[in-house]
Amino acid sequence: MVILKLPDEIEKLRISNLIVAQILSELRERVKPGVTTGELDGYCEELCRNKRVKPAFKGYRGYPFALCTSVNGEVVHGMPSERPLVAGDILSLDFGVNYKGFYGDAAITVPVGVVSAEAMRLLAVTEAGLYDAILQARAGNRLGDVSAAVQERVEAAGFSVVRDFVGHGIGRSLHEDPQIPNYGVRGRGIELKPGMVLAIEPMVNEGSYEVRVLPDGWTVVTRDGKLSAHFEHSVAITENGPEILSRIQ
Ligand code: CO
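The model shown is predicted, which means the values in this text are computed figures rather than measured ones.

(A) Seen up close, unusual backbone geometry. The amide bond that connects Asp-177 to the next residue, Pro-178, takes the cis arrangement and shows omega of 0°. Topologically, Pro-178 is positioned in strand β8 (residues 176-180). In this structure, Arg-52 takes a positive phi of about 60° despite not being glycine. Relative to the helices and strands, Arg-52 resides in the loop between α2 (37-51) and β1 (54-55). With a phi close to 50°, Lys-100 is a non-glycine residue in the positive phi region. Within the fold, Lys-100 resides in the loop between β4 (90-99) and β5 (102-111).

Right under this line is the structure:
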């Protein structure tokens, strides 16, 4: 069941997502060769304490960290560690908070130092797919319009969209209906309505879309070992079109 939000609830989601955007922006500044993902997670926890917000992922189904840090062939849910980042890596930072009962959720993928032209193209195409999808997140459109927008952008560039993980509604729960695949058919699926809030999150692989979960039970990696990128925004559908709640200011 898709839960529609009232204006005062959207206002709370706006605040949670603004905090997520601010923290991601501060974390991004710290990404450089030699830094460990564990250090980024520690800094993230510190920022959460300063802002008096609860990191949403920590403890979620037993996940032990505030931040998901997925490097290179890691798709999502990579766990912070003591391994230093090296120039040429790409790093996805996925982060959520709960503030006054409402969740914020967003992700970015950033280059570490100078990366290959192909890696830069993967980041650009994935982010473009997210923005194409956001443009379709308007009342009267269908969920399939959002999903197809990502798929079309990604496949036209010769990359693939991950099938096994999807975006989601967001509100008083981190994951609400509807599920939002990054592939689909225009004109199909539920009709979008004002008051829906969607976390749209393309996960895009350089090679095949096949993934597997490592024995740690969390880290999702590409089966072929090639690169993967991930961008996510929480977006409210308003009478006046999509509003990106987690936009980095
Ligand atoms: Co999400």
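(B) Here's a closer look at the coordination of the cobalt ion. The coordination sphere of the cobalt ion contains the protein donors Asp-105 (OD), His-168 (NE2), Glu-201 (OE) and Glu-232 (OE), at a distance range of 2.1 to 2.3 Å. Bound by four donor atoms, the cobalt ion shows angles of 82 to 168° at the metal and therefore irregular coordination geometry. Written as a sequence motif, the donor arrangement for the cobalt ion is D-x62-H-x32-E-x30-E. Note that Asp-105 is positioned in strand β5 and Glu-201 in the loop between β9 (197-200) and β10 (203-205), a separation of 96 residues in sequence. Judged by relative accessible area, which is 2%, Asp-105 ranks as buried. A residue is classified by how much of its surface remains accessible, and Glu-201, at 8% relative accessible area, is buried.

Basis of the calculations
Residues numbered from 1 in each chain as written. Predicted model: local features only at pLDDT ≥ 70, side-chain atom pairs only at ≥ 80, totals over all residues. Heavy atoms only, no water. Helix = DSSP H or I, 4+ residues; strand = E, 2+ residues; numbered from the N terminus. Donors = N, O, S within 2.8 Å, 3.2 Å for Na, K, Ca; no water. Tetrahedral: all angles 85-135°; square planar, octahedral: opposite > 155°, others 65-115°. Buried < 20%, exposed > 50% of the residue type's maximum accessible area, 1.4 Å probe, protein only.

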